[in-house]
Amino acid sequence: MKNLCLAFFMAMGLSSCQWGVPNKIPEKSFDTLRYAYKVIKARAADCGAKADSACTVVKINYPVFDSAKTLNDTVTRKLTLMFATDGRPDTSLELMSKKFLKSYDDFRKTDLRSGMFFTLDDSVKVIHQDSSLTTLEVRGYSYTGGAHGSTSVGFINWDTKAGKNLKLDDVLVEGYHDKLNAVAEKIFRKNEKLSDTASLATNYFFKDNKFALNTNFSITPLGIKFLYNQYDIKPYAAGITELFIPYAQIKSLVQPGSVVSQFIK
């Protein structure tokens, strides 16, 4: 009996020790793919003791996933394609870094401006992960001596179970295009403060002056976000344009059983 009483009070004591202590949820509690971030950093030979902000530096921060070679290859290809001048990506991030520094060295042979330096700053961030979907944001900035640098943002929407990057055809029903475009145009015109009949010819670069979605999108728990980079539909100075379509407006277009269907209520 004494042992039972002792066990009871010990249990109560241990329980009381937890009162007022907040539950700590691990940062990656919903991750189904394990990963660790890796950084590649390289400085030009003439950097010397200069700060990174005052000389040519390459910096790439990206996740490497355990036992997910295809996804890792997709991340690498997305990064190496981002600023590929000839549309042909390098075979590795290390090679891309070396070639970028070499392009700076070659540039310096013909341009001796003392204050001129290049910058390549890329990053990939996991912005959502659950048991069936991993969404990554791929962001980069490159400056190679022109009038201004170039910023680019893209996404990888990874079907964890199928092991592939998702297209809209994978998550929306057949024949969705026109209906989705119509919903998106209404949102776009509202965001841009345009009437339903206002021309898109003056301030935008849409083909044939007709609104159109692109294929640069991210799947979120609340809706699908489309993103137009600089020069896609507006002048450089206008920057990046985002267009968010809530699932509430496209419920009928979501493919049953797709990774998006889990977010429809």
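Everything numeric here is computed off the predicted structure, so don't read it as measured data.

Each value, and the rule that gives it
Residues numbered from 1 in each chain as written. Predicted model: local features only at pLDDT ≥ 70, side-chain atom pairs only at ≥ 80, totals over all residues. Heavy atoms only, no water. Pairing = 2+ DSSP bridges. Helix = DSSP H or I, 4+ residues; strand = E, 2+ residues; numbered from the N terminus. Axes fitted to C-alpha atoms, helices over the stretch in contact; angles between N-to-C directions. Contact = heavy atoms within 4.5 Å. Buried < 20%, exposed > 50% of the residue type's maximum accessible area, 1.4 Å probe, protein only. Polar contact = N/O pair within 3.5 Å; in protein donor to acceptor, adjacent residues only side chain to side chain. Salt bridge = Lys/Arg side-chain N within 4 Å of Asp/Glu carboxyl O. Phe/Tyr/Trp six-rings, centres within 6.5 Å; stacked < 30°, edge-to-face > 60°. Core = buried A, V, L, I, M, F, W, Y, C linked by side-chain atoms within 4.5 Å.

We now examine the sheet that holds strand β7 (residues 217-219). On the basis of which strands lie adjacent, the open sheet formed by three strands has the order β7-β8-β9 and antiparallel pairing. Each edge of the sheet is formed by a strand with only one pairing partner; in this case those strands are β7 and β9 (241-246). Direction aside, the axes of adjacent strands within the sheet are offset by 20° on average. Set on the sheet, helix α5 (residues 177-191) makes contact with β8 (223-228) and β9; between it and β9 the angle comes to about 125°.

It is worth spelling out the side chain of Thr 80 at this point. By secondary structure assignment, the location of Thr 80 is in helix α2 (residues 69-82). With a relative accessible area of 4%, Thr 80 lands in the buried category. Polar side-chain contacts of Thr 80 include one of 3.2 Å to the backbone oxygen of Arg 77. Not counting the four nearest positions on each side in its chain, Thr 80 is found in contact with Pro 89, Asp 90, Ser 92, Leu 93 and Met 96.

The topology assignment puts Ser 258 in the segment after β9. Other than its neighbours up to four places away in sequence, Ser 258 contacts Asp 170 and Val 171.

It is worth spelling out the sheet that holds strand β2 (residues 57-65) at this point. With respect to topology, six strands assemble into an open sheet ordered β1-β2-β3-β4-β5-β6, the strand pairing being mixed. Either end of the sheet is taken by a strand with one partner, and the two such strands are β1 (35-43) and β6 (164-165). In the sheet, β1 pairs with β2 via nine bridges, with the strands oriented antiparallel. Opposite Lys 38, over in β2, you have Tyr 62 as the bridge partner. The strands that α2 touches are β2, β3 (119-129), β4 (133-143) and β5 (150-159); relative to β5, the one it contacts most, it runs at about 160°.

What follows deals with unusual backbone geometry. With the exception of glycine, most residues fall at negative phi, and the peptide bonds are largely trans. For Ser 67, which is not glycine, the phi torsion reads 50° and is therefore positive. Turning to its location among the elements, Ser 67 is positioned in the loop between β2 and α2. Although it is not a glycine, Asn 209 sits at a positive phi angle of roughly 60°. Of note, Asn 209 is situated in the loop between α5 and β7. Look at Asn 209 and you get partly exposed, because its relative accessible area is 42%.

Next up on the list: the pattern of salt bridges. Counted according to the given criterion, the structure contains 13 salt bridges. Notably, a salt bridge pairs Asp 106 with Lys 102, separated by 3.0 Å at the nearest N-O pair. Placement of the pair is Asp 106 and Lys 102 together in helix α3 (residues 93-110), with a separation of four residues, close to one helical turn. According to the relative accessible area criterion, Asp 106 is partly exposed, its value standing at 32%. Note that Asp 106 and Lys 109 form a salt bridge whose closest N and O atoms lie 3.7 Å from each other. In this pair, Asp 106 and Lys 109 are both assigned in helix α3, three residues apart and thus about one turn of the helix distant.

The next thing to look at is the packing of aromatic side chains. Each aromatic ring pair is summarised here by two numbers: the centre-to-centre distance and the angle between the ring planes. As enumerated under the stated definition, the model contains 14 aromatic pairs in all. Measuring from ring centre to ring centre gives 5.6 Å for Phe 188 and Phe 206, while their planes differ by 85°; the resulting arrangement is edge-to-face. With a gap of 18 residues between them, Phe 188 in helix α5 and Phe 206 in the loop between α5 and β7 connect regions that are remote in the sequence. In this structure Phe 206 comes out as buried when scored by relative accessible area, which is 7%. Considering the side-chain rings of Phe 188 and Phe 211, the 5.2 Å spacing of their centres and the 40° angle between planes classify their relative orientation as tilted. Here the residue Phe 188 occupies a position in helix α5, and Phe 211 occupies one in the loop between α5 and β7, the gap between them amounting to 23 residues. Judged by relative accessible area, Phe 211 falls into the buried class, the value being 6%. Every member of this aromatic cluster is reached through a ring pair, and the members are Phe 188, Tyr 204, Phe 206, Phe 211 and Tyr 228.

Ranked by internal contacts, the top residues of the largest apolar core, which has 32 residues, are Ile 60, Tyr 62, Phe 65, Leu 71, Val 75, Leu 79 and Leu 136. Among the elements of the structure, β1, β2, α2, α3, β3, β4 and β5 are those that each provide at least two residues to this core. Tallying contributions element by element places α3 first for this core, with six residues. With sequence-adjacent residues up to four places away left out, Ile 60 is seen in contact with Lys 38, Val 39, Ile 40, Leu 79, Leu 93, Met 96, Ser 97 and Asp 122. Judged by nonpolar contacts, the second largest core, of 31 residues, contains Leu 172, Phe 188, Phe 226 and Tyr 247.

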